[in-house]
Amino acid sequence: NAGVTQTPKFQVLKTGQSMTLQCAQDMNHEYMSWYRQDPGMGLRLIHYSVGAGITDQGEVPNGYNVSRSTTEDFPLRLLSAAPSQTSVYFCASSYGPGRTYEQYFGPGTRLTVT
Amino acid sequence: AQSVTQLGSHVSVSEGALVLLRCNYSSSVPPYLFWYVQYPNQGLQLLLKYTSAATLVKGINGFEAEFKKSETSFHLTKPSAHMSDAAEYFCAVSDPGANSKLTFGKGITLSVRP
């Protein structure tokens, strides 16, 4: 079991560029989420999904898009990168209701926007 | 809306001393509560969780936490700190059944002095 994997580990973008952060899990989890981590602010939820084809916004969704076409993958798209999106991004997954409740986190992607 | 308060951003203890990291939450329904640990440049690892069973929860690495509904608290303790405990610790809350949506505190950095 690889668990939750994220690529790339590091990325530098120029303002206005677009990119996709990849996330995959091999635990057959129904739920997947994206968080961003900023110093002194903890982790904040960007978008989440409760199953293939179902996504919803979290606390800080502006500037980000997601889709979930398969159970395994949950990519995060930055359409036009801004310096305010410089952060560490974590993908997480968990079982659906009635199972163990904790989220499993990937190793993170460190993004710098110049 | 849920919220988590972790007072202070940094705690320093001597090796062998008691570790106490405080967490208070606000939730309109009985919550699920989690403590995660993050070592430098790594993802988040679950230490322990409360999901409405026993109020005293034991986790990995000798940590435990007690859910106190009357105080809306879920403080993390360890009787004797080790150098390897130096890390950042996050308290998080979710609604039961909303496994995909965690609300995190801002985190506390634990330093352990020799």
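What you see is a predicted model; the values in this text were computed from it and never measured.

**Q** Quick question: what am I supposed to make of the nonpolar core here?
**A** Considering soluble globular proteins, one finds that nonpolar side chains tend to be buried as a cluster. Ranked by internal contacts, the top residues of the largest apolar core, which has 27 residues, are Trp35, Leu47, Leu48, Phe74, Leu76 and Tyr89 of chain B. When contributions to this core are tallied by element, the ones reaching two or more residues are β3 (19-21), β5 (32-38), β6 (44-50), β8 (64-68), β9 (73-78), β10 (87-94) and β12 (108-113) of chain B. Per element, the largest residue contribution to this core is 4 residues, and it comes from β10 of chain B. Residues Cys23, Met27, Tyr64 and Cys91 of chain A belong to the second largest nonpolar core, which totals 20 residues.

**Q** Please explain the pairing of strand β3 (residues 19-25) of chain A as it appears in this structure.
**A** As a general feature of sheets, a regular strand has side chains that alternate between the two faces. Residue and element names in this part refer to chain A. Judged by which residues are buried, β3 turns out to be one-sided: Met19, Leu21, Cys23 and Gln25 face inward and are buried, whereas Thr20, Gln22 and Ala24, on the alternate face, are not. With 3 bridges joining them, β3 and strand β8 (residues 76-78) adopt antiparallel strand pairing. Across the sheet, Leu21 pairs through a bridge with Leu76, a residue of β8.

**Q** Would you mind going over the interface of chain B and chain A with me for this structure?
**A** Often the size quoted for an interface is simply the accessible area lost on bringing the parts together. Across the boundary between the two partners, chain B contributes 21 residues, which contact 25 residues of chain A. Around 1,800 Å² of area is buried between chain B and chain A when both sides are counted, 56% of it from carbon and sulfur atoms. Joining chain B to chain A, the criterion identifies 1 salt bridge. We note a salt bridge from Lys49 of chain B to Glu102 of chain A, for which the minimum N-O separation is 2.6 Å. The interface formed by chain B and chain A holds 4 residue pairs in polar contact (both at pLDDT 80 or more) in total. Contributing elements (two or more residues each) for the side of chain B that touches chain A: β5, β6 and β10 of chain B.

**Q** So what exactly am I meant to see when it comes to the pattern of salt bridges here?
**A** If you walk through the whole model with that rule in mind, you get 5 salt bridges over all chains. Here Arg36 of chain A ties to Asp38 of chain A by a salt bridge, and the two come within 2.9 Å at their closest N and O atoms. Here Arg36 of chain A falls in the buried class, since its relative accessible area comes to 9%. Residue class for Asp38 of chain A comes out buried when judged on its relative accessible area of 10%. Residues Glu64 of chain B and Lys58 of chain B are paired through a salt bridge, measuring 2.8 Å at the closest nitrogen-oxygen approach. Since its relative accessible area comes to 24%, Glu64 of chain B is described here as partly exposed. In this structure Lys58 of chain B comes out as exposed when scored by relative accessible area, which is 63%.

Definitions and limits used
Residues numbered from 1 in each chain as written. Chains lettered and ligands numbered in written order. Predicted model: local features only at pLDDT ≥ 70, side-chain atom pairs only at ≥ 80, totals over all residues. Heavy atoms only, no water. Core = buried A, V, L, I, M, F, W, Y, C linked by side-chain atoms within 4.5 Å. Buried < 20%, exposed > 50% of the residue type's maximum accessible area, 1.4 Å probe, protein only. Helix = DSSP H or I, 4+ residues; strand = E, 2+ residues; numbered from the N terminus. Pairing = 2+ DSSP bridges. Contact = heavy atoms within 4.5 Å. Buried area = accessible area lost by both parts, 1.4 Å probe. Salt bridge = Lys/Arg side-chain N within 4 Å of Asp/Glu carboxyl O. Polar contact = N/O pair within 3.5 Å; in protein donor to acceptor, adjacent residues only side chain to side chain.

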